[in-house]
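The residues making up each chain are set out below.
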Amino acid sequence: MKTRRSFIQQVSLTAASLPVLNILNAACMNTANNDKQILRVAIMGLGGYGTRVAEAMNDCKRAKLVGVISGTPSKIAGWQKKYSIPEKNCYNYENFDAIKHNPDIDAVYVITPNALHHDAVIRVAKAGKHVICEKPMAVNAKEAREMVDACKAGNVKLLVGYRMHFEPHTLEIIRMRNEGEFGKVLFFQGLSGFIIGDPTQWRLNKALAGGGAMMDIGIYSVNGSRYMTGEDPIWVTAQETKNNPQKFKEGVDETIQFQLGFPGGAVASCLSTYSMNNLDRFFLNGDKGFAELQPATGYGPIKGRTNKGEIDAPVVTHQTVQMDAMAGIILNNEKPVVPVDGEEAVKDLKIVDAIYEACKTGNKIELKL
Ligand code: NAD
């Protein structure tokens, strides 16, 4: 079993350990050659998660919060004071297209309810600013594709807030898998769920959430199945259970179990739910070993172990390392160990679309990612 010190020494010494070494620097494969450059970010949507990102950005070395977009003037005033944001970098949902003419903002981080991401990202792309968009990037693959296309047309980058792609325990398991330490990957299990409260919140409103638990929390198992196995699935089956139709209305999924098949022969079995707590666990099994993350996707500390023992990787604030790494990707074209661009979200949303179709039809759906 490794101590933290030997772990860091080891990752510093072997080229094969670059992923974890780089998470300590910037979570990217190419180290920065232009460290003076800072990604200047405006946050759109000053709610719960926007606030968490803003606080985490206080510790960023390569990214800085410089602007806000919000429909609530009182929130803007509070944020201006707290983060020294000048008036000229404050926008609302009506006037934010004018960000185009603001040379002091490089990127907009969209952190609004899911169904609003599509139009917001397209408007930001048209304004010529890079975009970081929260998960789920869109509410279906068609909208996700339109967002990717709009960013291409606007010649801006589109990244998704997949913070686990920069998390050290996760990256260590990916490194071990890539080096064959678990042998041939045979099985992944993803458990993602919590008991959701207030029935009037936007997360339980199909028009704003795009669905239910699958869009909000199940997407972690969808995305995780891909970065943990290192493959894209080729088929999906899924079954839905609804015990509380008053709370979980038409189009708002409460509990879905889904299974995925991968080209190398591995299978995945996953659970997405808004009706059970203590579900945040990934398990990967190969013919030579296993890896477990529990918690796997919460804010941390993430805990991991393998057949070789506990993973002793650094505990980080996810959003801080994410934003520093994203600054490197946007400003210096650095390549993350696990891709985090809009195409990744298109793949995940194709899987989500297929999961919903499988629930409805009972069919096994072939996937072409
Ligand atoms: P929230 O309800 O706390 O905040 C949403 C914000 O959007 C609020 O400030 C609200 O005023 C604003 N908003 C703008 N238009 C709105 C409208 N029409 N209806 C409702 N609110 C509107 O939600 P949140 O938890 O911050 O989630 C925002 C996004 O961030 C979601 O896409 C969610 O999936 C994502 N998220 C990601 C993580 C993560 O770990 N990556 C964690 C939490 C949330």
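Heads up: the structure comes first, above all this text.
So, a few notes on the structure that sits alongside this text. Computed from a prediction, not measured in an experiment: that's the story for all the values here. (Residues numbered from 1 in each chain as written. Predicted model: local features only at pLDDT ≥ 70, side-chain atom pairs only at ≥ 80, totals over all residues. Heavy atoms only, no water.)

**Comments concerning the overall build of the protein chain**
Next, step 1: Counting secondary structure elements, the protein chain contains 11 helices and 15 strands.
Next, step 2: Expected size for 369 residues packed as a compact globule is a radius of gyration near 21 Å; at 20 Å, the protein chain falls within 12% of this value.
Next, step 3: The principal-axis extents of the C-alpha atoms in the protein chain amount to approximately 60 × 55 × 35 Å.
Next, step 4: Looking at the protein chain residue by residue over its 369 residues, the buried ones come to 55%. (Helix = DSSP H or I, 4+ residues; strand = E, 2+ residues; numbered from the N terminus. Rg over C-alpha atoms; globule rule 2.2 N^0.38 Å. Buried < 20%, exposed > 50% of the residue type's maximum accessible area, 1.4 Å probe, protein only.)

**Thoughts on the site of the ligand**
Next, step 1: Lining the immediate surroundings of the ligand are 23 residues, of which Gly-48, Tyr-49, Asn-114, Lys-135 and Arg-163 lie closest.
Next, step 2: Here Asn-114 contributes a side-chain N or O atom positioned 2.7 Å from an oxygen atom of the ligand.
Next, step 3: Interatomic distance of 2.8 Å between a side-chain N/O atom of Trp-202 and an oxygen atom of the ligand.
Next, step 4: Burial of the ligand by the surrounding chains reaches 77%, relative to a free accessible area of 830 Å².
Next, step 5: Of all the cavities here, the one that holds the ligand is the largest pocket. (Near = heavy atom within 4 Å. Polar contact = N/O pair within 3.5 Å; in protein donor to acceptor, adjacent residues only side chain to side chain. Areas by Shrake-Rupley, 256 points an atom, 1.4 Å probe, with all protein chains shown as cover. 1 Å grid on protein atoms, 1.4 Å probe; cavity = no way out; pocket = protein on both sides within 12 Å on 5 of 7 lines; lining within 4 Å. Sits in = over half its atoms within 2 Å of the grid points.)

**Quick look at the environment of Phe-290**
Next, step 1: Examined against the element boundaries, Phe-290 turns out to sit in strand S12 (residues 290-293).
Next, step 2: Taking relative accessible area as the criterion, Phe-290 reaches 21% and is therefore assigned partly exposed.
Next, step 3: Separated by 27 residues in the primary sequence, Phe-290 and Thr-317 place their C-alpha atoms 26 Å from one another.
Next, step 4: Those residues in contact with Phe-290, other than ones at most four positions away along the chain, are Phe-182, Phe-283, Leu-284, Asn-285, Arg-305, Thr-306 and Asn-307. (Contact = heavy atoms within 4.5 Å.)

**Some words on the layout of surface pockets**
Next, step 1: Approximately 810 Å³ is the volume found for the largest pocket.
Next, step 2: As for the largest pocket, its lining consists of 38 residues, of which Tyr-49, Lys-135, Arg-203, Asp-216 and Tyr-299 are closest to the centre.
Next, step 3: If you list the elements that add at least two residues to the lining of the largest pocket, you get helix H3 (48-57), strand S7 (185-193), helix H9 (213-229) and strand S11 (279-286).
Next, step 4: Residue contributions to the lining of the largest pocket peak at 4 residues, all from H3.
Next, step 5: In terms of residue class, the lining of the largest pocket is made up of 14 nonpolar, 16 polar and 8 charged.
Next, step 6: When its volume is computed, the second largest pocket comes out at roughly 380 Å³.
Next, step 7: Every residue lining the second largest pocket is counted, 19 residues in all, and those nearest its centre are Lys-206, Glu-250, Gly-251, Tyr-356 and Lys-360.
Next, step 8: Counting residues per element, the lining of the second largest pocket draws most heavily on helix H11 (residues 342-361), which supplies 5 residues.
Next, step 9: Grouping the amino acids of the lining of the second largest pocket by side-chain chemistry returns 7 nonpolar, 3 polar and 9 charged. (Points joined across faces, edges and corners; volume = space filled by probe spheres on them. Nonpolar A, V, L, I, M, F, W, Y, C, P; charged D, E, K, R; others polar.)

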